[in-house]
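Residue-level listing of the chains:
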Amino acid sequence: LIVACDDGVMAQTIEHTAILRLAGCPNITVILTKADRVEPPRIDEVKQQITTHLLNLGWSAPQIFVTSASTGAGIAPLRDYLVTLHQQEQQHPQWHKRFRLAIDRVFSIKGAGLVVTGTALAGQIALGDTFWLTGADKPVRIRALHAQNQPVEQAGAGMRIAINISGDVSKETVSRGDWLLSQAPLYPSHKILVSLTADEPIKHWQPVHIHHGTRHITGRIALLNNTDETPLLAELILDEPLWLVDNDRLILRDIGAQRTLAAAKVLCLHSPRRGKRQAEFLSWLSALDKANTVSDNLALYLPKGELLLTQFAWAQQLTETALDTLLTTFDVISISGVVISKA
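Parameters at a glance
Residues numbered from 1 in each chain as written. Predicted model: local features only at pLDDT ≥ 70, side-chain atom pairs only at ≥ 80, totals over all residues. Heavy atoms only, no water. Helix = DSSP H or I, 4+ residues; strand = E, 2+ residues; numbered from the N terminus. Buried < 20%, exposed > 50% of the residue type's maximum accessible area, 1.4 Å probe, protein only. Polar contact = N/O pair within 3.5 Å; in protein donor to acceptor, adjacent residues only side chain to side chain. Pairing = 2+ DSSP bridges. Salt bridge = Lys/Arg side-chain N within 4 Å of Asp/Glu carboxyl O.

Trainee: Would you mind showing me how to read the side chain of Arg253 here?
Mentor: Within the secondary structure, Arg253 sits in strand S17 (residues 249–254). Look at Arg253 and you get buried, because its relative accessible area is 13%. At 3.2 Å, the side chain of Arg253 and the side chain of Glu15 are in polar contact.

Structural data, given as C-alpha coordinates:
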(Lines give C-alpha, C1' and ligand atoms only; values in the text may rest on other atoms or scores of the structure.)
Protein backbone atom coordinates (compact mmCIF):
# COMPACT_ATOMS: atom_id res chain seq x y z
CA LEU A 1 0.00 0.00 0.00
CA ILE A 2 1.65 3.24 -1.16
CA VAL A 3 1.02 6.47 0.75
CA ALA A 4 2.73 9.77 -0.03
CA CYS A 5 4.20 11.49 3.04
CA ASP A 6 2.97 14.91 1.95
CA ASP A 7 -0.60 13.66 1.41
CA GLY A 8 -1.02 11.10 4.18
CA VAL A 9 -4.12 8.89 4.42
CA MET A 10 -6.63 10.11 1.82
CA ALA A 11 -10.08 9.07 0.60
CA GLN A 12 -8.69 6.64 -1.96
CA THR A 13 -6.47 5.06 0.72
CA ILE A 14 -9.56 4.34 2.81
CA GLU A 15 -11.50 2.95 -0.17
CA HIS A 16 -8.62 0.77 -1.37
CA THR A 17 -7.95 -0.73 2.05
CA ALA A 18 -11.67 -1.50 2.43
CA ILE A 19 -11.58 -3.39 -0.89
CA LEU A 20 -8.36 -5.20 0.05
CA ARG A 21 -9.91 -6.37 3.32
CA LEU A 22 -13.06 -7.55 1.56
CA ALA A 23 -10.95 -9.31 -1.07
CA GLY A 24 -9.34 -11.35 1.69
CA CYS A 25 -5.85 -9.82 1.58
CA PRO A 26 -4.12 -11.33 4.65
CA ASN A 27 -1.19 -8.90 5.00
CA ILE A 28 -0.30 -5.40 3.90
CA THR A 29 3.13 -3.82 3.51
CA VAL A 30 3.11 -0.01 3.61
CA ILE A 31 5.47 2.09 1.49
CA LEU A 32 5.68 5.78 2.37
CA THR A 33 6.92 7.79 -0.62
CA LYS A 34 8.20 11.35 -1.14
CA ALA A 35 9.95 11.38 2.24
CA ASP A 36 12.30 14.08 0.91
CA ARG A 37 9.39 16.55 0.67
CA VAL A 38 8.52 16.63 4.39
CA GLU A 39 10.16 16.97 7.80
CA PRO A 40 10.72 13.89 10.06
CA PRO A 41 7.76 14.71 12.38
CA ARG A 42 5.42 14.53 9.37
CA ILE A 43 6.76 11.07 8.48
CA ASP A 44 6.05 9.88 12.04
CA GLU A 45 2.56 11.39 11.82
CA VAL A 46 1.75 9.52 8.58
CA LYS A 47 3.17 6.30 10.03
CA GLN A 48 0.78 6.63 12.97
CA GLN A 49 -2.14 7.50 10.66
CA ILE A 50 -1.80 4.43 8.47
CA THR A 51 -0.99 2.06 11.34
CA THR A 52 -4.09 3.16 13.27
CA HIS A 53 -6.23 2.87 10.14
CA LEU A 54 -5.08 -0.69 9.39
CA LEU A 55 -5.39 -1.81 13.01
CA ASN A 56 -8.97 -0.53 13.06
CA LEU A 57 -9.72 -2.67 10.00
CA GLY A 58 -8.42 -5.82 11.69
CA TRP A 59 -4.89 -6.12 10.32
CA SER A 60 -1.83 -6.44 12.52
CA ALA A 61 0.69 -3.58 12.68
CA PRO A 62 2.13 -3.29 9.15
CA GLN A 63 5.75 -3.36 8.03
CA ILE A 64 6.52 0.18 6.83
CA PHE A 65 9.21 1.32 4.41
CA VAL A 66 10.02 5.03 4.16
CA THR A 67 11.32 5.90 0.69
CA SER A 68 12.26 8.70 -1.66
CA ALA A 69 12.59 8.07 -5.39
CA SER A 70 14.48 11.36 -5.78
CA THR A 71 17.22 10.61 -3.26
CA GLY A 72 17.07 6.80 -3.36
CA ALA A 73 16.51 6.61 0.39
CA GLY A 74 14.89 3.35 1.51
CA ILE A 75 14.78 1.84 -1.98
CA ALA A 76 17.48 -0.83 -1.45
CA PRO A 77 15.89 -2.45 1.66
CA LEU A 78 12.47 -2.32 -0.04
CA ARG A 79 13.87 -4.08 -3.11
CA ASP A 80 15.49 -6.79 -0.95
CA TYR A 81 12.23 -7.27 0.93
CA LEU A 82 10.21 -7.67 -2.29
CA VAL A 83 12.68 -10.25 -3.64
CA THR A 84 12.38 -12.26 -0.42
CA LEU A 85 8.59 -11.97 -0.53
CA HIS A 86 8.52 -13.26 -4.11
CA GLN A 87 10.69 -16.26 -3.18
CA GLN A 88 8.27 -17.06 -0.36
CA GLU A 89 5.29 -16.78 -2.69
CA GLN A 90 6.80 -19.43 -4.98
CA GLN A 91 6.24 -21.92 -2.13
CA HIS A 92 2.58 -20.87 -1.81
CA PRO A 93 -0.07 -23.53 -2.61
CA GLN A 94 -1.45 -21.30 -5.41
CA TRP A 95 1.76 -21.95 -7.38
CA HIS A 96 0.84 -25.66 -7.57
CA LYS A 97 -2.74 -25.26 -8.82
CA ARG A 98 -3.95 -24.90 -12.39
CA PHE A 99 -2.83 -21.74 -14.17
CA ARG A 100 -5.33 -18.86 -14.24
CA LEU A 101 -4.63 -15.36 -15.53
CA ALA A 102 -7.19 -12.54 -15.57
CA ILE A 103 -6.67 -10.58 -18.81
CA ASP A 104 -6.81 -6.79 -18.54
CA ARG A 105 -5.25 -5.63 -21.83
CA VAL A 106 -5.08 -6.98 -25.38
CA PHE A 107 -2.98 -5.53 -28.21
CA SER A 108 -0.96 -6.47 -31.29
CA ILE A 109 2.75 -5.88 -31.84
CA LYS A 110 4.11 -5.74 -35.36
CA GLY A 111 6.25 -8.79 -36.04
CA ALA A 112 5.16 -10.55 -32.82
CA GLY A 113 1.38 -10.77 -33.02
CA LEU A 114 -1.21 -10.87 -30.27
CA VAL A 115 -0.23 -9.97 -26.70
CA VAL A 116 -2.36 -10.21 -23.56
CA THR A 117 -1.42 -8.86 -20.14
CA GLY A 118 -2.77 -9.57 -16.68
CA THR A 119 -2.11 -10.96 -13.23
CA ALA A 120 -1.69 -14.68 -12.66
CA LEU A 121 -3.94 -15.80 -9.83
CA ALA A 122 -2.60 -19.37 -9.66
CA GLY A 123 -0.32 -21.91 -11.29
CA GLN A 124 2.68 -21.59 -13.57
CA ILE A 125 3.24 -20.80 -17.25
CA ALA A 126 6.23 -21.48 -19.51
CA LEU A 127 7.34 -20.92 -23.09
CA GLY A 128 5.88 -23.44 -25.52
CA ASP A 129 2.96 -24.41 -23.25
CA THR A 130 -0.58 -24.63 -24.61
CA PHE A 131 -3.38 -22.86 -22.73
CA TRP A 132 -7.08 -22.13 -23.20
CA LEU A 133 -8.30 -18.62 -24.04
CA THR A 134 -11.90 -18.12 -22.91
CA GLY A 135 -12.79 -15.18 -25.16
CA ALA A 136 -11.83 -17.01 -28.34
CA ASP A 137 -12.83 -20.35 -26.78
CA LYS A 138 -9.75 -21.94 -28.35
CA PRO A 139 -6.32 -23.27 -27.37
CA VAL A 140 -3.31 -20.99 -27.86
CA ARG A 141 0.45 -21.48 -27.65
CA ILE A 142 2.83 -19.35 -25.58
CA ARG A 143 5.41 -17.71 -27.85
CA ALA A 144 7.01 -15.27 -25.40
CA LEU A 145 6.69 -14.09 -21.80
CA HIS A 146 7.60 -10.77 -20.18
CA ALA A 147 7.58 -9.99 -16.46
CA GLN A 148 8.88 -6.72 -15.00
CA ASN A 149 9.68 -5.62 -18.59
CA GLN A 150 12.14 -8.49 -18.97
CA PRO A 151 11.83 -11.62 -21.14
CA VAL A 152 11.41 -14.74 -18.98
CA GLU A 153 11.02 -18.43 -19.71
CA GLN A 154 8.42 -19.05 -17.01
CA ALA A 155 6.22 -17.16 -14.55
CA GLY A 156 3.55 -17.91 -11.97
CA ALA A 157 0.97 -16.94 -9.38
CA GLY A 158 1.09 -13.38 -8.10
CA MET A 159 3.11 -12.09 -11.04
CA ARG A 160 2.01 -9.53 -13.61
CA ILE A 161 2.77 -10.99 -17.03
CA ALA A 162 2.70 -9.97 -20.70
CA ILE A 163 2.13 -13.03 -22.91
CA ASN A 164 2.69 -13.27 -26.65
CA ILE A 165 0.28 -15.95 -27.90
CA SER A 166 -0.12 -17.73 -31.22
CA GLY A 167 -3.08 -19.63 -32.59
CA ASP A 168 -6.28 -19.21 -34.55
CA VAL A 169 -7.33 -16.08 -32.63
CA SER A 170 -7.60 -12.37 -33.41
CA LYS A 171 -7.60 -9.23 -31.32
CA GLU A 172 -11.36 -8.86 -31.89
CA THR A 173 -12.14 -12.19 -30.16
CA VAL A 174 -10.30 -11.33 -26.92
CA SER A 175 -11.10 -8.57 -24.43
CA ARG A 176 -10.61 -7.39 -20.86
CA GLY A 177 -12.34 -9.82 -18.50
CA ASP A 178 -11.36 -12.97 -20.42
CA TRP A 179 -9.15 -15.67 -18.91
CA LEU A 180 -6.07 -17.61 -19.93
CA LEU A 181 -6.40 -21.07 -18.37
CA SER A 182 -4.27 -24.20 -18.22
CA GLN A 183 -7.29 -26.30 -19.29
CA ALA A 184 -10.58 -25.68 -21.05
CA PRO A 185 -13.18 -24.79 -18.39
CA LEU A 186 -16.28 -26.94 -17.87
CA TYR A 187 -19.03 -24.32 -18.06
CA PRO A 188 -19.57 -20.84 -16.61
CA SER A 189 -21.70 -20.04 -13.57
CA HIS A 190 -25.05 -18.23 -13.76
CA LYS A 191 -26.28 -18.64 -10.16
CA ILE A 192 -23.85 -19.20 -7.30
CA LEU A 193 -23.97 -19.67 -3.53
CA VAL A 194 -21.79 -17.36 -1.47
CA SER A 195 -21.04 -16.08 2.00
CA LEU A 196 -21.06 -12.30 2.38
CA THR A 197 -18.79 -9.97 4.32
CA ALA A 198 -20.82 -6.77 4.34
CA ASP A 199 -19.69 -3.24 5.14
CA GLU A 200 -23.21 -1.90 4.62
CA PRO A 201 -26.70 -3.39 5.18
CA ILE A 202 -27.67 -5.81 2.40
CA LYS A 203 -31.27 -6.16 1.24
CA HIS A 204 -32.96 -9.19 -0.30
CA TRP A 205 -33.05 -9.01 -4.13
CA GLN A 206 -30.78 -5.96 -4.10
CA PRO A 207 -29.23 -5.13 -7.52
CA VAL A 208 -25.43 -4.76 -7.44
CA HIS A 209 -22.35 -4.28 -9.56
CA ILE A 210 -20.11 -7.37 -9.37
CA HIS A 211 -16.34 -7.34 -9.88
CA HIS A 212 -14.39 -10.57 -10.43
CA GLY A 213 -10.82 -10.63 -11.73
CA THR A 214 -10.92 -7.99 -14.45
CA ARG A 215 -14.59 -8.61 -15.29
CA HIS A 216 -17.40 -6.26 -14.31
CA ILE A 217 -21.06 -7.28 -14.55
CA THR A 218 -24.33 -6.70 -12.69
CA GLY A 219 -26.62 -9.05 -10.79
CA ARG A 220 -28.85 -9.47 -7.75
CA ILE A 221 -28.48 -10.78 -4.20
CA ALA A 222 -31.01 -13.28 -2.85
CA LEU A 223 -30.45 -13.66 0.90
CA LEU A 224 -30.77 -17.21 2.26
CA ASN A 225 -30.67 -16.50 6.00
CA ASN A 226 -31.20 -13.57 8.37
CA THR A 227 -28.87 -10.59 8.10
CA ASP A 228 -27.87 -10.95 11.78
CA GLU A 229 -26.61 -14.53 11.28
CA THR A 230 -22.97 -15.47 10.70
CA PRO A 231 -22.02 -16.29 8.04
CA LEU A 232 -24.48 -14.31 5.96
CA LEU A 233 -25.40 -16.69 3.13
CA ALA A 234 -26.83 -15.71 -0.24
CA GLU A 235 -27.47 -16.70 -3.82
CA LEU A 236 -25.98 -14.40 -6.45
CA ILE A 237 -27.95 -14.24 -9.69
CA LEU A 238 -25.55 -13.08 -12.41
CA ASP A 239 -26.79 -11.07 -15.38
CA GLU A 240 -23.85 -12.48 -17.38
CA PRO A 241 -22.04 -15.78 -16.69
CA LEU A 242 -18.63 -15.82 -14.99
CA TRP A 243 -15.76 -18.32 -14.99
CA LEU A 244 -15.52 -18.93 -11.25
CA VAL A 245 -13.85 -21.41 -8.89
CA ASP A 246 -14.44 -22.18 -5.23
CA ASN A 247 -13.29 -19.53 -2.73
CA ASP A 248 -13.03 -16.77 -5.37
CA ARG A 249 -13.82 -13.33 -3.97
CA LEU A 250 -16.27 -11.00 -5.70
CA ILE A 251 -16.50 -7.33 -4.79
CA LEU A 252 -20.06 -6.00 -4.68
CA ARG A 253 -20.86 -2.32 -5.17
CA ASP A 254 -24.19 -0.50 -5.12
CA ILE A 255 -26.11 -0.25 -8.39
CA GLY A 256 -25.11 3.41 -8.68
CA ALA A 257 -21.45 2.28 -8.53
CA GLN A 258 -20.74 4.80 -5.76
CA ARG A 259 -20.15 2.59 -2.69
CA THR A 260 -18.45 -0.71 -1.94
CA LEU A 261 -21.04 -2.83 -0.15
CA ALA A 262 -19.57 -6.27 0.48
CA ALA A 263 -17.42 -9.18 -0.64
CA ALA A 264 -18.88 -12.49 -1.72
CA LYS A 265 -16.85 -15.67 -1.18
CA VAL A 266 -17.82 -18.41 -3.63
CA LEU A 267 -18.99 -21.56 -1.82
CA CYS A 268 -20.79 -23.41 -4.60
CA LEU A 269 -20.51 -22.75 -8.35
CA HIS A 270 -24.08 -23.79 -9.14
CA SER A 271 -27.13 -23.15 -7.00
CA PRO A 272 -29.74 -25.93 -6.64
CA ARG A 273 -33.26 -25.18 -7.80
CA ARG A 274 -34.84 -26.30 -4.52
CA GLY A 275 -34.02 -26.55 -0.83
CA LYS A 276 -31.57 -23.65 -0.63
CA ARG A 277 -33.15 -22.27 2.55
CA GLN A 278 -33.56 -25.54 4.46
CA ALA A 279 -31.74 -25.58 7.79
CA GLU A 280 -29.70 -28.69 6.92
CA PHE A 281 -28.49 -27.20 3.64
CA LEU A 282 -27.62 -23.85 5.24
CA SER A 283 -25.65 -25.69 7.93
CA TRP A 284 -23.72 -27.49 5.17
CA LEU A 285 -23.00 -24.16 3.42
CA SER A 286 -21.75 -22.71 6.72
CA ALA A 287 -19.38 -25.65 7.07
CA LEU A 288 -18.12 -25.04 3.50
CA ASP A 289 -17.45 -21.43 4.44
CA LYS A 290 -15.21 -22.61 7.30
CA ALA A 291 -13.39 -25.26 5.22
CA ASN A 292 -9.71 -24.25 5.01
CA THR A 293 -8.31 -27.05 2.85
CA VAL A 294 -9.24 -29.12 -0.20
CA SER A 295 -9.47 -32.14 2.10
CA ASP A 296 -12.01 -30.33 4.30
CA ASN A 297 -14.04 -29.51 1.20
CA LEU A 298 -14.03 -33.08 -0.14
CA ALA A 299 -15.00 -34.43 3.29
CA LEU A 300 -18.12 -32.26 3.17
CA TYR A 301 -19.09 -33.32 -0.36
CA LEU A 302 -18.65 -37.11 -0.03
CA PRO A 303 -21.56 -37.71 2.40
CA LYS A 304 -23.93 -36.03 -0.08
CA GLY A 305 -23.54 -38.83 -2.63
CA GLU A 306 -21.72 -39.36 -5.91
CA LEU A 307 -19.19 -36.71 -6.92
CA LEU A 308 -18.04 -36.02 -10.48
CA LEU A 309 -14.27 -35.64 -10.35
CA THR A 310 -14.01 -33.25 -13.30
CA GLN A 311 -16.37 -30.81 -11.55
CA PHE A 312 -14.61 -31.07 -8.19
CA ALA A 313 -11.15 -30.71 -9.75
CA TRP A 314 -12.25 -27.61 -11.68
CA ALA A 315 -13.90 -26.02 -8.62
CA GLN A 316 -10.76 -26.58 -6.53
CA GLN A 317 -8.36 -26.00 -9.47
CA LEU A 318 -6.55 -29.27 -8.81
CA THR A 319 -4.00 -30.73 -11.20
CA GLU A 320 -4.35 -34.44 -12.03
CA THR A 321 -1.45 -35.26 -9.72
CA ALA A 322 -2.94 -33.28 -6.83
CA LEU A 323 -6.34 -34.91 -7.32
CA ASP A 324 -4.86 -38.43 -7.35
CA THR A 325 -2.87 -37.68 -4.19
CA LEU A 326 -5.96 -36.29 -2.46
CA LEU A 327 -8.10 -39.35 -3.26
CA THR A 328 -5.55 -41.70 -1.67
CA THR A 329 -6.31 -40.07 1.69
CA PHE A 330 -10.04 -40.96 1.52
CA ASP A 331 -11.82 -44.32 1.59
CA VAL A 332 -13.71 -44.02 -1.70
CA ILE A 333 -14.81 -46.07 -4.67
CA SER A 334 -13.89 -44.53 -8.03
CA ILE A 335 -15.67 -45.59 -11.23
CA SER A 336 -15.41 -43.83 -14.62
CA GLY A 337 -14.63 -40.41 -13.17
CA VAL A 338 -17.19 -40.61 -10.36
CA VAL A 339 -16.33 -41.22 -6.69
CA ILE A 340 -18.55 -42.24 -3.79
CA SER A 341 -17.67 -42.74 -0.16
CA LYS A 342 -17.48 -46.39 0.87
CA ALA A 343 -19.32 -45.43 4.04
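Having put the structure on the table, let's press on.
Trainee: Mind showing me how you'd approach the sheet that holds strand S21 (residues 338–341) here?
Mentor: Sheet strands pair by backbone hydrogen bonding; their relative direction is either parallel or antiparallel. In spatial order, the strands read S19-S21-S20; together these three strands make up an open sheet with antiparallel pairing. Looking along the sheet, the strands with just one partner apiece sit at the ends: strand S19 (307–308) and strand S20 (332–335). With two bridges joining them, S19 and S21 adopt antiparallel strand pairing. Residue pairing in the sheet places Leu307 in a bridge with Val339 of S21.

Trainee: Could you clarify how one ought to interpret the pattern of salt bridges in this entry?
Mentor: Here the idea is simple: oppositely charged side chains can pair when their charged atoms come close. Taken as a whole, this structure holds 13 salt bridges when the rule is applied. Taking the shortest distance from any N to any O, the salt bridge between Arg253 and Glu15 comes out at 3.2 Å. Here Arg253, found in strand S17, pairs with Glu15, found in helix H1 (residues 11–22); they are 238 residues apart in sequence, far enough to count as distant. The exposure class of Glu15 is partly exposed, given its relative accessible area of 35%. The shortest N-O distance in the salt bridge between Asp331 and Lys342 comes to 3.5 Å. Taken together, the residues Asp331 in the loop between helix H7 (320–327) and S20 and Lys342 in the segment after S21 connect sequence positions 11 residues apart. Judged by its relative accessible area of 51%, Lys342 falls in the exposed class.

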